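Chain residues, written in single-letter form:
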Amino acid sequence: MTPLSGYLLVAALLFAIGLAGALTRRNAILVLIGIELMLNAANLNLIAFWRYGPHPEALTGMMFAIFSIAVAAAEAAVGLGLVIQIHRHAQTTDLDAINRMKG
Amino acid sequence: MAGPLWLIPTVPIVASGVIALLKQPRRKLASNLAIGSMVFSLLLSLVAFAHVLSGWMHGALVRETSNFTWIHVGTTPLDLGWVLDPLSAVMLVMVTFVGLLIFIYSTGYMAHDENYTRFFCFLSLFAGAMLGVVIANSILLLFMCWELVGLTSYLLIGFWYLKPSAAAAAKKAFLTTRVGDVFFLLGIVWLFGQTGTLLFYHGGAGSMETHALTALLLERSAFGLSAATAIGLLIFAGAAGKSGQFPLHVWLPDAMEGPTPVSALIHAATMVAAGVYLIARVYPLMQAGMPAGGTTTALSVVTWVGAFTALFAALIAVAQNDIKRILAYSTVSQLGYMMAGLGVGGVAVGMFHLITHAFFKALLFMGAGSVIHGCHEEQDVRRMGGLRSRMPLTFGTYAVGMMALSGVPILFSGFWSKDGILEAAQHFRLSKGPFYMLVFGALLTAFYMTRQVSYVFFGSYRGHAHPHESPKSMTLPLAILAFFAVALGAIGTPAWPWFRGFLNSTPVAFGLSGFDEPGLLALMGTSTVVVFIGLGLGWWLYGNKSPHADQPDVLEAAAPPIWNALRDRLYIDEFYGATVIAFYWWWAKVADWLDRDIWGGAVAGVSWLFKLGARLNRFLDANVVDGTFDKGCEEISVGGGLLSRMQSGRVQTYLRLLALAVVLLAVILIWSSRA
Amino acid sequence: MSFVLYILAALTVAGGLAAVLLKNTVHCALALTVAFAGLALLFLELDAQFAGFAQILIYIGAVAILVVFAILLTRGSETPKGSAYSHSPLVGLVIAACVFAVLGWAVLHSTAQLPPGTTSATPTVTVADIGNALMTRYVLPLEIVALLLTAALIGAVIVAMHEKEGSR
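Remember, predicted model here, so these are calculated numbers, not experimental data.

Enquirer: Please clarify how the overall build of chain B should be interpreted in this entry.
Expert: Tallying secondary structure elements over chain B gives 26 helices and two strands in all. Within chain B, contacts between residues at least 6 apart in sequence are counted, and of these 78% link residues at least 24 apart.

Enquirer: Got a minute to help me understand the overall build of chain C in this structure?
Expert: Each helix and strand counted, chain C has six helices and zero strands in total. Buried residues in chain C amount to 27% of all 168 residues.

Enquirer: Where do I start with the pairing of strand β1 (residues 64-73) of chain B in this structure?
Expert: On any regular strand, side chains alternate: one points to one face of the sheet, the next to the other face. Residue and element names in this part refer to chain B. Buried residues are scarce in β1, accounting for one of its ten residues. The sheet contact formed by β1 and strand β2 (residues 76-84) spans nine bridges and is antiparallel. Its bridge partner being in β2, Val 73 is matched across the sheet by Thr 76. The antiparallel pairing of β1 with β2 creates a hairpin that spans two residues between the two strands, and Gly 74 there sits at a positive phi of about 70°.

Enquirer: Hey, could you run me through the interface of chain C and chain A in this one?
Expert: Interfaces are frequently sized by the accessible area removed from exposure as the parts join. Counting residues at the interface gives 72 residues for chain C and 62 residues for chain A. Of all elements in the fold, only α1 (3-21), α2 (25-45), α3 (49-73), α4 (89-110), α5 (127-135) and α6 (139-160) of chain C reach the threshold of two or more residues within the side of chain C that touches chain A. Here the side of chain C that touches chain A takes 13 residues from α3 of chain C, the largest share from any one element. Of the residues assigned to the side of chain C that touches chain A, the class counts are 55 nonpolar, 15 polar and two charged.

Enquirer: I keep staring at the environment of Met 338 of chain B and nothing clicks. Help me out?
Expert: Residue and element names in this part refer to chain B. Within the secondary structure, Met 338 is located in helix α14 (residues 323-345). Exposure remark for Met 338: the 30 C-beta atoms within 10 Å place this residue in the buried category. The spatial distance from the C-alpha of Met 338 to the C-alpha of Val 276 is 6.9 Å, given a sequence separation of 62 residues. Those residues in contact with Met 338, other than ones at most four positions away along the chain, are Val 276, Gly 350, His 353 and Leu 354.

Enquirer: Hey, could you run me through the packing of helix α3 (residues 60-90) of chain A against α3 of chain C in this one?
Expert: Geometry of a packed helix pair, given as the angle between the helix axes and the separation of the axes. As a packed pair, α3 of chain A and α3 of chain C sit with axes 10 Å apart at the nearest point and diverge in direction by 5°. Relative to α3 of chain C, the element α3 of chain A lies roughly parallel. Residues Met 62, Ala 65, Ile 66, Ile 69, Ala 73, Ala 76, Ala 77, Leu 80, Val 83 and Ile 84 of chain A of α3 of chain A form the contact with α3 of chain C, whose own contacting residues are Phe 50, Ala 51, Ala 54, Gln 55, Ile 58, Tyr 59, Ala 62, Val 63, Leu 66, Val 67, Ala 70 and Leu 73 of chain C. Looking at the contact of α3 of chain A with α3 of chain C residue by residue, the classes come out as 21 nonpolar, one polar and no charged.

Enquirer: Is there a simple way to explain the packing of helix α18 (residues 413-426) of chain B against helix α22 (residues 520-542) of chain B in this structure?
Expert: All names here are of chain B. Where α18 contacts α22, the two axes come as close as 10 Å, and the packing angle between them is 120°. One element, α18, and the other, α22, form an angle in the oblique class. By crossing handedness, the relation of α18 to α22 is classed as right-handed. Between α18, through Asp 419, Leu 422, Glu 423 and Gln 426, and α22, the contact on the second element is made entirely by Leu 520, Leu 523, Met 524 and Ser 527. Grouping the amino acids of the contact of α18 with α22 by side-chain chemistry returns four nonpolar, two polar and two charged.

Enquirer: I would appreciate a short explanation of the confidence of the model for chain C in the present structure.
Expert: Segments scoring low in pLDDT should not have their predicted coordinates read at a detailed level. The share of residues in chain C with pLDDT of 70 or more is 88%, and the mean pLDDT across the chain is 87. Predicted as a complex, the structure gets a pTM of 0.65 and an ipTM equal to 0.92.

Enquirer: Explanation requested: the interface of chain B and chain C in the structure shown.
Expert: Listed per partner, the contact involves eight residues of chain B and eight residues of chain C. Classifying every residue of the side of chain B that touches chain C gives six nonpolar, one polar and one charged.

Enquirer: When you look at the nonpolar core in this model, what are you seeing that I'm missing?
Expert: Buried together is how nonpolar side chains tend to be arranged in soluble globular proteins. Met 130, Val 133, Ile 279, Ala 362, Leu 438 and Ala 485 of chain B are the most contacted members of the largest nonpolar core, which totals 210 residues. When residues in this core are grouped by element, the largest group, 17 residues, is from helix α15 (residues 347-374) of chain B. Beyond its immediate sequence surroundings of up to four residues, Leu 438 of chain B is in contact with Ala 307, Ala 310, Tyr 337, Ala 340, Ile 421, Leu 422 and Ala 425 of chain B. With 80 residues, the next largest nonpolar core counts Phe 36, Leu 42, Ala 48 and Phe 100 of chain C among its residues.

Enquirer: Just checking my understanding: could you explain the environment of Gln 320 of chain B for this structure?
Expert: Residue and element names in this part refer to chain B. The topology assignment puts Gln 320 in the loop between α13 (297-318) and α14. Gln 320 gets classed as buried once you count the C-beta atoms within 10 Å, which come to 22. A C-alpha to C-alpha distance of 9.4 Å links Gln 320 and Asp 380, two positions 60 residues apart in sequence. Every residue in contact with Gln 320, bar those within four places of it in the chain, is listed here: Arg 325, Ile 326, Tyr 329 and Arg 567.

Definitions and limits used
Residues numbered from 1 in each chain as written. Chains lettered and ligands numbered in written order. Predicted model: local features only at pLDDT ≥ 70, side-chain atom pairs only at ≥ 80, totals over all residues. Helix = DSSP H or I, 4+ residues; strand = E, 2+ residues; numbered from the N terminus. Contact = placed C-beta atoms within 7 Å. Buried ≥ 20, exposed ≤ 12 C-beta atoms within 10 Å, placed from the backbone. Pairing = 2+ DSSP bridges. Nonpolar A, V, L, I, M, F, W, Y, C, P; charged D, E, K, R; others polar. Axes fitted to C-alpha atoms, helices over the stretch in contact; angles between N-to-C directions. Parallel < 35°, antiparallel > 145°, perpendicular 65-115°, else oblique. Left-handed = near helix turned anticlockwise from the far one by under 90°. pLDDT = per-residue confidence, 0-100. Core = buried A, V, L, I, M, F, W, Y, C linked by C-beta atoms within 7 Å.

In structure tokens:
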């Protein structure tokens, strides 16, 4: 097992944990937490590939990861704002209770 | 000259058409139109007659024709045309003259009838059609007018159609003459087929001309008869129907249901004479192949039928009590005389009796009409009597007519015409049978006419009305006819056989040498004796006696079975009823059963099938098609419901599905890239 | 693999697990912070110093705080009544396990493709290099991200704004 694959496995595990949280927790904020974890796992992947791939001087992986962080921050802001607004309307953040799109 | 001849029948027909369009109250106009048209036709006929007469006086046979092709059937032309010769000329004058007198008489007789206008419409139509028969040179035109005459006879017999007996009599007349007409038509078709022409005279190519006749004689048909004989017999069958020969005479006595002018015109003077005229017209055909001094098969059949009818009808006339019925049977009998005359003596002999009979029979019928009118529609002779003093004019003219009919010698035309027939019958080679029949018939004629006159005019009045003389419009024609009943004798005496000469286109001279014929004077004596026996017997039995209506007749008391048989018309009608009519009733029932049950059943069956099909269709449509569609929609709806239930509305469900899909996608991609 | 890496990895994974499993939401947010910190250290270990510090600054400094704010504003600080997990959590777990399986299998089976010179030299990356790259090669993504951040800023404000009474 190369160091790279070790990092990748860690990233995969983190990703799976984040996905599990997003899929199973009741609270909307915890879903967002799970999403943040997933994004971070992806960032780890990027940096790992940058470090152990060819041409690290091109800085591709690093740039990608930085942009990803920026975008994730923006997305977290907007997403949490949405959750707050939903809470104002439905008086709850329970995702099982918010099923107005039910067919 | 034959060109304008077509006007003679056309003008009365046009008048009839105009009258048909008039309103019922326009009575005077209707009768004036009818009488006017008849005057016109009479004048034109006289002009035509004069033309033929002048031709005859110059010793020429005038026979002018005017023919044209009517239509083409394929390549075969159907020709129509008219002919002007001595035969048609005398007939034209007689028909128009007697017709005119009867028209004038009708204005008086039908004055109180509400259907006056309709009467004159039909009368005019009849006159036109009869004149068409007379002038026809094409056998097709003759047949067409023949049928029209039959139609108008039906219309006029059934003129008082609300009376059931009148309607039935009209039907009987039409159907009985139809039987004859079928044979006539067969004869026409055969003649046309054989000779190739419809025209009688056509410059040598006509069917009555030598070329065609020789061809017909040579042609053999069934029973060893030549085509000429066979066609002649077929045509005679048609004539027998129209002229009331036995066995098709049954309609004539019943035709007395019509008004008296109708009886006078149609069933005495003209229509029934049409049959005789027809035989005279096709005489060359009947006569074809006649051996010298002998006769042809066709003519001998005509003779025997005519003679038998003469005797048969005279017997029945003896036992009748209705004034018109006696005259009707008398007409049948005299028609028999005419046919026999044609058979034994030729065209002139038969036609002379036809002309004289037209006058005195019309006179007798009109006199009877006058009597009926005067006795307020009473027709039974047993309820009349003593009218001699109350209706002198009628009596006088009636007596003249009666004596002419009986054949009282010298003065009256009937004597000369009947004697002509008797003389020819005496010389009939085949048999003396017709002669004896005709002589006995003459005796009976005198007898029953005397009986009738005694009942009506002599003795005391046994009725309930107040008889009065008829108006001038009725008695004037009577007087005119009486004059001719006497005067016409003059043209047929052996001293001056003008009529015979005119018809045969031979010159005639006045001279008593005519009486030098061997056996002629003896015959005249015999017939005189026979007539006076009949008159005497009648007077002796019925004379001035006035038997009451419920008393039996003298002869009836003497021999009831014979009397009853004669009074019941020798059961001919009953015979027909049992055989022919019964057969037709059965056949009508069969046809009705066929129509109602078989064809009707078939139609009903088809409609049932269609209904079944319709029901099946509806069932299919409602249950199968609609059901399938509804089921399908239901399934879709259920499926939709199912699918919509899958939308939980919960974000995490969607997320899970997303993740699953991504996993699957990844697996597929990896698998494909590895492979 | 050095001992340090194992510790760091374990820390990060533990933080993540805690973030997902704990009942109290605030505890989850704090555990998330631990996970973020672990990840920053892993970045540092991977010689991506800038990325690591950026991670600390932004994620721990901003995102985690934001999450805590949100939790507090939505009264998530109380222990939730009823279950913390949504309906049928097993299904989610299974799916996540499938995802990990696929990823893990992909990683393990493709390491053979990697070039043998895995122990490559440590790259020397200075901040000046990063700045340069941002201004020259990655200027377009930079601007777009700037635009995105602006939009997110405005959007977040509008989304979370109190609605005026009676309007709309």
